[in-house]
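Structural overview for review
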Amino acid sequence: MVDEIIKSMQSKMDKTVDALKKDFGTIRTGKASPMMVEDVRVDYYGTLTPLNQLGKIACPEPRMILITPFEKGMLKDIEKAIFAASLGLTPNNDGSSIRINIPELTGERRKELAKVVKQKSEEKKVAIRNIRRDANDELKKHQAEMSQDELKGHQDKIQKITDSYIAKLGDLEKEKEKEITTL
């Protein structure tokens with residue numbers, strides 16, 4: 001029972017770490033990354049569809065994203081969707097694919113992005129703490145089945161796991177900030 005609670009908690013925390021990685025992938029660092037545009041939603045015959053399902057997204061150069069749609073007729077729709085996504089990117093349609101040149105980041109923009117990184121990281125840390133609280137609440141429901149010492153031991157174990165996940169998030173945050181602030 002306790003093992004199930006801890007496994008469930010770790011699974012949720014892993015998903016939170018993955019969500020932060022995905023969030024960080026969408027933050028522009030001056031280098032091109034397919035993750036910057038893959039979740040842009042394009043109107044595909046009345047259905048909003050992620051861009052990565054409508055074409056091939058590649059980075060042939062460090063500062064360029066190349067989108068080659070599976071259907072040439074989708075070029076205009078993809079271009080509109082990228083503009084509508086407010087990513088600060090300008091798509092160039094060459095008739096068979098879309099090229100997006102990634103501009104150099106200014107010092108001011110780097111500071112803004114560092115704040116965004118810190119904010120997203122803090123949101124995920126709060127989520128991790130909420131998962132810990134839920135696990136402790138679940139543990140307390142089974143309090144009658146164990147002694148106070150066992151309960152305290154399990155709570156300590158949950159706290160250690162939580163601390164390790166908070167540290168992972170902190171490491172990801174530092175790594176992304178360094179990536180943003182490095183010229």
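As shown above, the structure is provided for reference.
The present account deals with the structure reproduced in this document. (Residues numbered from 1 in each chain as written. Predicted model: local features only at pLDDT ≥ 70, side-chain atom pairs only at ≥ 80, totals over all residues. Heavy atoms only, no water.)

1. Here's the deal with the packing of aromatic side chains
The full count for this structure, using the stated rule, is 1 aromatic pair. Aromatic side chains tyrosine 44 and tyrosine 45 sit 4.8 Å apart centroid to centroid with 65° between the ring planes, which places their arrangement in the edge-to-face category. Across from the ring centre of tyrosine 165, 4.3 Å away, lies the NZ or CZ of lysine 168, which sits over that ring. (Phe/Tyr/Trp six-rings, centres within 6.5 Å; stacked < 30°, edge-to-face > 60°. Lys NZ or Arg CZ within 6 Å of the ring centre and 35° of its normal.)

2. Describing unusual backbone geometry
Phi is positive for tyrosine 45, close to 50°, though the residue is something other than glycine. Considering the arrangement of structural elements, one finds tyrosine 45 in the loop between β1 (41-44) and β2 (47-50). The exposure class of tyrosine 45 is exposed, given its relative accessible area of 65%. (Helix = DSSP H or I, 4+ residues; strand = E, 2+ residues; numbered from the N terminus. Buried < 20%, exposed > 50% of the residue type's maximum accessible area, 1.4 Å probe, protein only.)

3. Focus on the nonpolar core
In this structure, Met9, Met13 and Leu139 are the most contacted members of the largest nonpolar core, which totals 25 residues. Those elements that place two or more of their residues in this core are α1 (2-25), α3 (107-141) and α4 (148-181). With near-sequence residues (within four places) excluded, methionine 13 lies in contact with Ile128, Ile131, Arg132, Ile161, Thr162 and Tyr165. Grouped together as the second largest cluster of nonpolar side chains are 19 residues, Val37, Val42, Ile67 and Ile82 included. (Core = buried A, V, L, I, M, F, W, Y, C linked by side-chain atoms within 4.5 Å. Contact = heavy atoms within 4.5 Å.)

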